[in-house]
Structure formats: C-alpha cells, structure tokens
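# Tertiary structure, described
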Amino acid sequence: MLVRFWGTRGSLPVAPHADAVLAKVARALKAADGRRFANEAEAAAFARANLDFATRGAYGGATPCVEIEAGEEAFAICDMGSGLRDFGLSATRRCAEGHPRVYHFFLSHLHWDHIMGFPFFRPAYESGSRIIIHTGHADAEAALRRQQEAISFPVPFDALKAHIEFVVHRPEESFEAAGMEVSLVRQSHARGSFGYRFDRPGKAVVYSTDAEHKPEDMDLEEDVEAFFANADLVICDTMYSLGEAVSLKQDLGHSSNVVAVDLCHAAGARRLALFHHEPSYTDADIQRMYDETLRYEEAVRGGRPKLEVVCAYDGLEVAV
Amino acid sequence: MDWRVRNDGGRLVASPTGRVDEESWKAFSTQLTAAVRDAVAAQVPLVLDLSGLEYMTSKGLRALTMAKNEAGGKVVIRLAAPNETMRRILSISRYDMLFPVVDDVDQAG
C-alpha cells in the first residue's frame, strides 16, 4: 500500500505570504555562508542535507485529501478537501496511461474543508468516470449538491458527467472497496465524523481525522485503540496542543499530538502521521509541534517498541 | 502507581509515585478527585507533589483537567517538583499554561 497526502491542513486552505518565503530564502542563504554551487541540483542537495524541512520545504495548505493506493483496480481517496484538485489532475494523467477510471471516496464528514475540492475534481466532469462515495452520513449527497447550487458555484451538480453513486454505511458493518476491507467507526465531532480502517492481507491503514478525545470520555478509548490495533499507519487529527484541546478549543471536535501518540502506543500501531494542521500555524510552528511529538513519544514509550512519527505534508508519500 | 495524601499546614499535599499511564490513570483520577473534594471541603489549596512521578501520559493530564473541573475554581491545584521528563511533558502539552507549576513543594503555598 502507498499513502499519498494531497491535502493536510485543517479547516481552511492557506498559503504562505511573501514575507514567509523571503524568511526561508534568507535562512538558506545564511546557512550557505558564501558557498558556490555549480547548478540548482547541487544547491538542492545542500539544502536537503543542511536545512530543516520548515526552511527548505513547506507543509502545504490544502485541506484534507489522502489517497491510498492498494491495487490497480480503482482509486481510493479519503475526503474531498482542496487537495482533491491536484489529485484529480494526477489521476487524469494516470488514467491516460491505462488506470481504470473508478474512484472510491471515503468521507469522514461533510464539513466544508472536507468536501470543498469536489467541484474542482476534473474526473467528475468526464463521462467515463465512475465515482462511488462511501459515507456514514445519510445527507452526504445533499451536502455535495448544496455546495454546487447557483449561489455558491457556477456549475450545478447535475451537470457533472461522471456516474456518481452514494453508499451510506453503518459503523458495525465492514465492506469491500478498491481491493481493501473497509471498516468505519463513529467519532466525536460536531454532527459526528467517521474514521476508516483499510485492511489488506498483512497491512492496515487508519484514517482518523476530526475526532475529539475528551477527558470525560476516556473510558471509551479502548474502542478507539481496538480500531487502531496493530495498524501499520494511523493518520490522526493533531490540530491542537492537549492544553488547547481541553480549554479554549474544547468541543471544537479536534485532538492533539500527545493523545494521538498514546492511542497509537496502546494500540500497538507502528507509525503515526500527524495530520489536519491548524491553519494559523506557520511551517516553523508545525515543525516545532513535530519535534515536540517526537520528544513526547520517547518520554512515555516505556518498554514498548518505538512508534515512528511522521508529520504529514502536501505531497508526502508513505509506503506501507 | 502509589498515592499518599497529607494535611500540611493549611494545605493538602498529594503525592503520586510511579507512572500515570493507560494502566493506572483510573486509580490516579479517582484518588485525585477525592483529594479535590477534601480540599474543597476544608477550603485549602491542593498541592500535587510530582517528585515521585516518573511520567504521566495524556490520560493523567486529562485526569488533571477533570480534577480542575471538579474543583470549579473553589480551590487552586498546584503542580510541584516535576522531574525533567514531567516538566517536558507539561511544556509539550501546554499544561504548564493551565496549572501553576513550581520547583519545590515548599514553594507551592
């Protein structure tokens, strides 16, 4: 399995302002300290070896969209955030090379940041595309139709040429899709959200975003740990610090990096991807949160195997 | 995790030892809530002496939040004498912005 992150930011698409890019260039030039490079490739090699990710790269600003490549028969995509536009362009290129035009979507919920990319999803405008939208919400179709009403968007939903079907699932029933066994679980979020687990023989990926793990509900977390059990990769909502999540951001439906680490430790998961980054965070803020998560994991690891932690960014690929 | 609590000159000092993790958080939370109720009844501050604690996971931290909610502003809960690991955890979680943290139990007032 291969997991591609097309959008990793929460709530709102963002892009760095000019002064943020200038600060990165200035830090890079200072680190170069007068060196001369024969070409851009040599300069890039220096940057990779000597600069932190927040300086030489960017975590990106597209809202949630994650592709899980599990076989040749169909695409599998979690959520339709603004990252979906880039996925659609990539999928169009791959279909031109022979990939079937079948798209299985798995919706965590229907908030705007998780569906806003669909009107810009190029394959939806192509008559040869088959789109199957898996959801736990019975009103998913209404949500997608509403955002393409004339007051919000110039192209109505009914003008889309793809064959589009909605399949509403119940949490207690797993199903087969895109070459994987898929199960879902209800999560704490405004109007509810759903986490998904994707299993293939010997491999498992969990997508769990927009999920709040409240202090008063800690008794129920054994169910979450069972859902994450022995997963090779858990993609987790880590939008806030725990201190924020239990105070100023209480009841907004999001989790923290330290709770994500603890759930993965208890579940025996092998790798955690920090996801749904706070839109006001700069790249340096996200890098700091990532570094702190690594230190926390080490501090509370006890006798367990090390949990590998990665910080998702737009464009990241993780082989499972 | 072990737990001791003592009255100490106009304050209640609770001293957990060991680790607070997924195995022990319920016992920690139960003891802590009882100590908060005792402190509220006696109208004295509660000092949590962390010097014997190896570390605390998010389960323990969230138990602190529940204890603070239980106190309802009637008593102050102070965290005292965290080791280096606990100080790091309090900083990473930003719990050092939710609770007063002091270096020494005697400073905790």
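## Considering the overall build of chain B
Counting secondary structure elements, chain B contains 3 helices and 6 strands. For chain B, the α and β elements follow one another from N to C terminus as β-β-α-β-β-α-β-α-β. Split into buried and exposed, the 109 residues of chain B put 45% on the buried side.

## Overview of the pairing of strand S5 (residues 77–80) of chain B
Residues and elements named next belong to chain B. Residue alternation in S5 divides its side chains into two sets, Ile77 and Leu79 and Arg78 and Ala80, and both sets are buried. Pairing geometry for strand S3 (residues 46–49) and S5, over 4 bridges, is parallel. Across the sheet, Val47 pairs through a bridge with Arg78, a residue of S5. Where S5 meets strand S6 (residues 101–102), 2 bridges bridge the pair, whose relative direction is parallel. Across the sheet, the residue bridging to Leu79 is Val101, located in S6. Following the chain from S5 across helix H3 (residues 84–92) to the adjacent parallel S6, one finds a crossover that is right-handed.

## Things to note about the interface of chain B and chain A
On the chain A side, the residues contacting the 18 residues of chain B number 18 residues. Top element by residues in the side of chain B that touches chain A is helix H2 (residues 58–71) of chain B. It accounts for 6 residues. In terms of residue class, the side of chain B that touches chain A is made up of 8 nonpolar, 5 polar and 5 charged.

## Comments concerning the sheet that holds strand S12 (residues 271–275) of chain A
All names here are of chain A. Reading across from one edge, S7-S8-S9-S10-S11-S12-S13 is the order of the 7 strands in this open sheet, with mixed pairing throughout. Whereas interior strands pair on both sides, the edge strands pair on one side only; in this sheet they are strand S7 (175–177) and strand S13 (308–311). Mean inter-strand twist for the sheet, computed between neighbouring axes without regard to direction, equals 25°. Sheet analysis places strand S11 (residues 233–237) next to S12, joined by 4 bridges and oriented parallel.

## Side note on the confidence of the model for chain B
Regions with low pLDDT should not have their predicted coordinates read in detail. All names here are of chain B. Across chain B, pLDDT averages 95, with 99% of residues at or above 70. When mean pLDDT is taken per element in chain B, H3 scores highest with 98 and strand S1 (residues 2–7) scores lowest with 94. Our summary of model confidence lists the complex with pTM equal to 0.96 and ipTM equal to 0.95.

## Quick notes on the nonpolar core
Within the largest apolar cluster, 116 residues are counted, with the highest numbers of intra-cluster contacts made by Val205(A), Phe228(A), Val234(A), Ile235(A), Cys264(A), Leu272(A) and Leu46(B). Element by element, the count of residues in this core is highest for helix H8 (residues 257–267) of chain A, at 8 residues.

## Concerning the packing of helix H6 (residues 221–228) of chain A against H8(A)
The relative placement of two packed helices is expressed as an angle between their axes plus a distance between the axes. Residue and element names in this part refer to chain A. Where H6 meets H8, the closest approach of the two axes is 8 Å, and the angle between their N-to-C directions is 65°. Accordingly, the angle class assigned to the pair H6 and H8 is roughly perpendicular. Of the two possible hands of crossing, H6 and H8 adopt the one that is right-handed. Between H6 and H8, the residues in contact are Glu221, Val224, Glu225 and Phe228 and Leu263, Cys264, Ala266 and Ala267, respectively. The residue inventory of the contact of H6 with H8, partitioned by class, reads 6 nonpolar, no polar and 2 charged.

## Structural notes on H8(A)
Residue and element names in this part refer to chain A. Within H8, 11 of the 11 residues are buried, which leaves the element mostly enclosed by the surrounding structure. Among all positions in H8, only Asn257, Val258, Val259, Ala260, Val261, Asp262, Leu263, Cys264, His265, Ala266 and Ala267 are buried. Within two residues after H8, Gly268 carries a phi angle of roughly 70°, on the positive side.

## Considerations on the sheet that holds strand S5 (residues 130–135) of chain A
Residue and element names in this part refer to chain A. The mixed open sheet is built from 7 strands, whose spatial order is S6-S5-S4-S3-S2-S1-S14. The sheet terminates laterally at strand S6 (163–168) and strand S14 (317–319), the two strands that pair on one side only. Between one strand axis and the next, the sheet turns through 20° on average, direction left out of account. Relative to S14, strand S1 (residues 2–7) runs antiparallel, the two being bridged by 3 bridges. Looking across to S14, one finds that Arg4 is bridged to Glu317.

## Thoughts on the environment of Ala20(A)
All names here are of chain A. Mapped onto the elements, Ala20 comes out in helix H1 (residues 18–32). The exposure class of Ala20 is partly exposed, given the 13 C-beta atoms found within 10 Å. In this structure the C-alpha to C-alpha distance between Ala20 and Thr282, which are 262 residues apart in sequence, comes to 8.4 Å.

## Notes on the pairing of strand S2 (residues 65–69) of chain A
Residue and element names in this part refer to chain A. Summarising burial for S2: 4 of the 5 residues are buried, a large majority. With 5 bridges joining them, S1 and S2 adopt antiparallel strand pairing. Along S2, the bridge assignment pairs Val3 with Ile68. Both S2 and strand S3 (residues 75–78) contribute to a ladder of 2 bridges, which runs antiparallel. Counterpart to Val66 in the pairing with S3 is Cys78. Counting the residues that bridge the hairpin from S2 to S3 gives 5 residues.

Definitions and limits used
- Residues numbered from 1 in each chain as written.
- Chains lettered and ligands numbered in written order.
- Predicted model: local features only at pLDDT ≥ 70, side-chain atom pairs only at ≥ 80, totals over all residues.
- Helix = DSSP H or I, 4+ residues; strand = E, 2+ residues; numbered from the N terminus.
- Buried ≥ 20, exposed ≤ 12 C-beta atoms within 10 Å, placed from the backbone.
- Pairing = 2+ DSSP bridges.
- Right-handed = clockwise from strand over helix to strand, strands pointing away.
- Contact = placed C-beta atoms within 7 Å.
- Nonpolar A, V, L, I, M, F, W, Y, C, P; charged D, E, K, R; others polar.
- Axes fitted to C-alpha atoms, helices over the stretch in contact; angles between N-to-C directions.
- pLDDT = per-residue confidence, 0-100.
- Core = buried A, V, L, I, M, F, W, Y, C linked by C-beta atoms within 7 Å.
- Parallel < 35°, antiparallel > 145°, perpendicular 65-115°, else oblique.
- Left-handed = near helix turned anticlockwise from the far one by under 90°.

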